[in-house]
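Structural description and commentary
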Amino acid sequence: MKLPVKMTINGQSYSHEVEPRLLLVHYIRETVGLTGTHVGCDTSQCGACTILMNGQAVKACNFFAVQADGANIMTIEGLAKDGELHPIQQGFWEKHGLQCGFCTPGMIMSAYQMLERYPKPSEELIRHQLEGNLCRCTGYHNIVKAIEWAAEHMPAKK
Amino acid sequence: MATVAAERLFGKSIKRREDPRFITGRGQYVDDLKIPGMTYAAFVRSPHAHAKIRKIDTAAATRHPGVVAVFTGKDMTGVNSLPCGWDLRKEKKIPGVIQDLAIVPHMPLTSDAARHVGDPVAIVIADSHEAAVDAAEKVQVDWEPLAAVTITEKAAASGAPKLHEGAPGNVAFKWEIGDRAATDAAFKTAGAVTVKKRIVNQRLVANAMEPRACVARYDDATGELTLWVTSQNPHVHRLLMCAFVLGIPEHKVRVIAPDVGGGFGSKIFLYNEEVVCSWASRKLKRPVRWTASRSEAYLTDAHGRDHVTDAEIALARDGKILGLRVKTTANLGAYLSTFAPAVPTFLYGTLLNGVYAIPAIHCEVTGVFSNTTAVDAYRGAGRPEACYVVERIVEAGARAAGMDVADLRKKNFIPKFSGAFQTQVAVVYDSGDYGAAWDRMLQMLDYRKFRAEQEAARKQGRLLGIGFSAYIEACSIAPSKLVGALGAGAGLYESGKVRVHPTGMVTVFTGSHSHGQGHETTFAQIVADKLGIPIEQVDIVHGDTGSVAFGMGTYGSRSASVGGTAILMSLNKVIEKGKKIAAHLLEAAPKDIDFLGGQFQVKGAPGKAVPFGVVSLTAYVPHNYPEGLEPGLEETSFYDPSNFCFPFGAHACIVEVDRDTGNVRILRYLAVDDVGNVINPMIVDGMVHGGIAQGVGQALCEGAVYDGQSGQLVTGSMMDYALPKADMLPMYETDRTVTPTPVNPMGVKGAGETGTIAATPAVVNAVVDALAPLGVDHIEEMPMTAQRVWKIIQGAKAR
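Given the structure is predicted, the values throughout are model-derived calculations rather than measurements.

1. Here we look at the overall build of chain A
A tally of helices and strands in chain A yields five helices and five strands. Helices and strands appear in chain A in the N-to-C order β-β-α-β-β-β-α-α-α-α. Against the globule reference of 15 Å for 158 residues, chain A gives a C-alpha radius of gyration of 16 Å, in line with a compact fold. By its C-alpha atoms, chain A is 50 × 35 × 25 Å across when sized along the principal axes. Buried residues in chain A amount to 58% of all 158 residues. Accessible area of chain A: about 6600 Å², with a carbon and sulfur share of 50%. Charge-centre separation for chain A: the mean point of 14 positive side chains lies 1 Å from the mean point of 15 negative side chains.

Structure representation (structure tokens):
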């Protein structure tokens, strides 16, 4: 049995018939073909699949695609606008906040919500907020620096 | 046309050129690949640690909708065992062998028995991932469960369940290094203080964030097989798979390792899954994709470490080290992984000299088989185990002798040298100034001030501790002749091809592979500097046997020193040829041409010059050209180093232990590393940070745990295996000293493994120091979880 789903991803609408057990992350990667969102575990620890769903940073492995019916989703591919990097992306580049790049999309999407909630986070707060994202390369030092850089360079809220 | 670079890039922290694709979600990892007609594989694995296979019934699985094929080991006729690439046998004249390596079969799909949980017995291939996984559950295996052994110290005990016919007593090998008699004599020195401790280096899982994956595509029309695989060394994968396992022609196989999400050693080895998928793709004439779930990764990625050691140190009354005696049992798991025998022998025993002038050392290692996942190289590979033994036993010795742990180290450092220091364990260090790194670290730390603070804190009942680690490691792996004499089945050189295009743009093909190291940036820095062109005019190609001549790949911190030097050699050849072309154009002799600032000029006559781009164009449009010179401007070199390089450094960690909960908190972490000359400091710092985090992870939270009864891997997911998180770790305080290596022309050593090697003993030593007021003078086992530390505190109180 397949069920219809419809959602907006990075401003574009998609509709498909999917198996009810299909995870949202696999829908995004395999059905829609946006492979920037990664799968690093099967127990929702790693955070590599973090996306924004209706403005909330969520792990896309924690939802079935059918649960996202009608949702507005942003993935890593939707963050840069008109070829211009978002300050968080720029921060990761400036501060060497990535090595292998696999956890990076999830880190950046988590940081996106973090900075919406806490525009000027302390180091301690950044580390606490990254609880749901694992990185095996950087030892987190430069990820913290990258998010601090981004916080300093975010455009003022209108 | 090529232009002239504005500045020298060697030593500059330029931003990484690979980052834009990663931060925008456009990296191309193996699992991102989709090919028309692609099928999906799922493996049927043993749920038992040890069991005979009576029968496998695949009928129901084969009938499952969407299933293309189901294969077991019996279907794979003509396929050989996965090879072990390191041979420790007396007949090979390998030094130190006491008992020959038992070379046991490791079939891609086992059909006689399963020897660890997760051992694959069948592959199900279907039109969708879901169908493959569903059908895999319908494969009926008639198991006859057998008794299992997983615990390192019990694996070779009498009466332990036997894993392999060819390995009596489950002993894989026995090996020694050093001088037994001299060491025995050192321990009998009158007045010597001797200390013996049991030191356990627990089993770890590499946990690269990207799980292993492969896509195999056989093209029936051309007879070519393309394998995309998460590999640190695609040529090694190809060679082993073609020559040893599948017996298919090497030139008809192309192995591509595209963007790879971390390796840390675990993606060096040839694994069952990529072999079976390649075989199946040839059989079915369809592409086959497999991606490990994280749970599969825990069960099948080669594990690391797993040593149990008795270490003894003898000290003179003045604190000088007299001797070191080490006896280690190394758990190799159920099978011999690709380089498994090298790790607890030549990558371990040879580093036991540390940074100290130790007059006598003896080390004996027994490798054992057990019903666990195979163990092989994990970041540092043998060297962290050696450093851990040395740096823990040195502190234990200092405490027994009543000396300060910092003073005792300083008293024993090998004095500054360049060229050669002969250790007691075969290897010859290249260059070192151990005291300089140490002094810098103490200065950053303000050691005496910390001891005063610690004293004050202790009076308030707080448990503050400091731990040190003065490490050394062997990298730039390695001289081929030397490793060949030690049992390696391969040479360990590297290739580098420089292709100068007619316009002077440059493509470099390297046998090194980047899975986070940043070669597209650092190698391009070397090229841009040497040719005097902007870095934008240089591209680095790696990870594809279809375009790279050959390559031994990336591990053992060898990319910059071995891979980078191969590129440098080709650049020199390009310049030499360029001089001949320029000399012709300038009507001068080649010996009178200098290459400076991106142009060829006549010595002493800067006005008489041709730019690099004109020379490259002339090479491809050779109308006005030297007689007898081949057209084109492309050079290939293979560099085989003359020695290892030996980075070193001094790390310190300050912790506070919560007396009530046993929780360990890191307050400061300091690292002064000496990795020789540095191409890109930002990238080296990043490697040091990440290395430290993995070392801290081992010390504080990580550990692969098997249930001793059932043989199940209890830490089989990220929920159970504790990886370090951001809030456990501090900002690292780092600095460097620079002692260039004389081994290679750039003077670079290697930075990828230093942090992991150094950090673990520093953290554990700090915890021991913190607990010293309670009478604790040693801790045998890691990780220092709150529970373990709490128990130690309770035990100390009870005494």
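2. Re the domain arrangement of chain B
All names here are of chain B. Here chain B is described as being made up of domain 1 (19-25 + 493-639), domain 2 (33-146 + 209-262 + 267-300) and domain 3 (303-478 + 643-795). Its C-alpha centre places domain 1 at a distance of 40 Å from the equivalent point of domain 3. The interface of domain 1 with domain 3 comprises 17 residues on the first partner and 20 residues on the second. Summing the contributions of domain 1 and of domain 3, the shared interface buries around 1300 Å²; its carbon and sulfur component is 64%. Among the residues domain 1 hides against domain 3, the three largest losses belong to Gly556, Ser557 and Ser561. Together they make up 33% of the total.

3. Considerations on the side chain of Thr338 of chain B
All names here are of chain B. Position of Thr338 among the secondary structure elements: in the loop between strand E15 (321-333) and strand E16 (361-369). Given the relative accessible area of 2%, Thr338 is considered buried. In terms of polar contacts, Thr338 uses its side chain to reach the backbone amide nitrogen of Leu270, at 3.2 Å. Not counting residues within four places of it along the chain, the set of residues in contact with Thr338 comprises Pro83, Cys84, Gly85, Trp86, Leu240, Phe269, Leu270 and Asp376.

4. Notes on the environment of Ile666 of chain B
Here Ile666 of chain B is to be found in strand E28 (residues 664-674). Not counting chain neighbours up to four residues away, the residues in contact with Ile666 of chain B comprise Cys653, Ile654, Val655, Val696, Leu700 and Pro730 of chain B.

5. Points about the sheet that holds strand E4 (residues 56-59) of chain A
Residue and element names in this part refer to chain A. With mixed pairing, the five strands of this open sheet are ordered in space as E2-E1-E5-E3-E4. The sheet is open, and its two borders are formed by strand E2 (12-18) and E4, each paired with just one other strand. Along the sheet, successive strands turn relative to each other by an average axial angle of 40°, direction set aside. Relative to E2, strand E1 (residues 3-9) runs antiparallel, the two sharing seven bridges. Considered in E2, the bridge of Val5 is made with His16. Helix H1 (residues 24-32) rests against E1, E2, strand E3 (50-53) and strand E5 (72-74) of the sheet, and its axis sits at about 100° to E2. Where helix H3 (residues 104-117) meets the sheet, its contacts fall on E3, E4 and E5, and the angle it forms with E3 comes to roughly 45°.

Cut-offs applied
- Residues numbered from 1 in each chain as written.
- Chains lettered and ligands numbered in written order.
- Predicted model: local features only at pLDDT ≥ 70, side-chain atom pairs only at ≥ 80, totals over all residues.
- Heavy atoms only, no water.
- Helix = DSSP H or I, 4+ residues; strand = E, 2+ residues; numbered from the N terminus.
- Rg over C-alpha atoms; globule rule 2.2 N^0.38 Å.
- Buried < 20%, exposed > 50% of the residue type's maximum accessible area, 1.4 Å probe, protein only.
- Areas by Shrake-Rupley, 256 points an atom, 1.4 Å probe, with all protein chains shown as cover.
- Lys, Arg positive; Asp, Glu negative; His and termini not counted.
- Charge placed at Lys NZ, Arg CZ, Asp CG, Glu CD.
- Domains from an automatic or database assignment.
- Contact = heavy atoms within 4.5 Å.
- Buried area = accessible area lost by both parts, 1.4 Å probe.
- Polar contact = N/O pair within 3.5 Å; in protein donor to acceptor, adjacent residues only side chain to side chain.
- Pairing = 2+ DSSP bridges.
- Axes fitted to C-alpha atoms, helices over the stretch in contact; angles between N-to-C directions.

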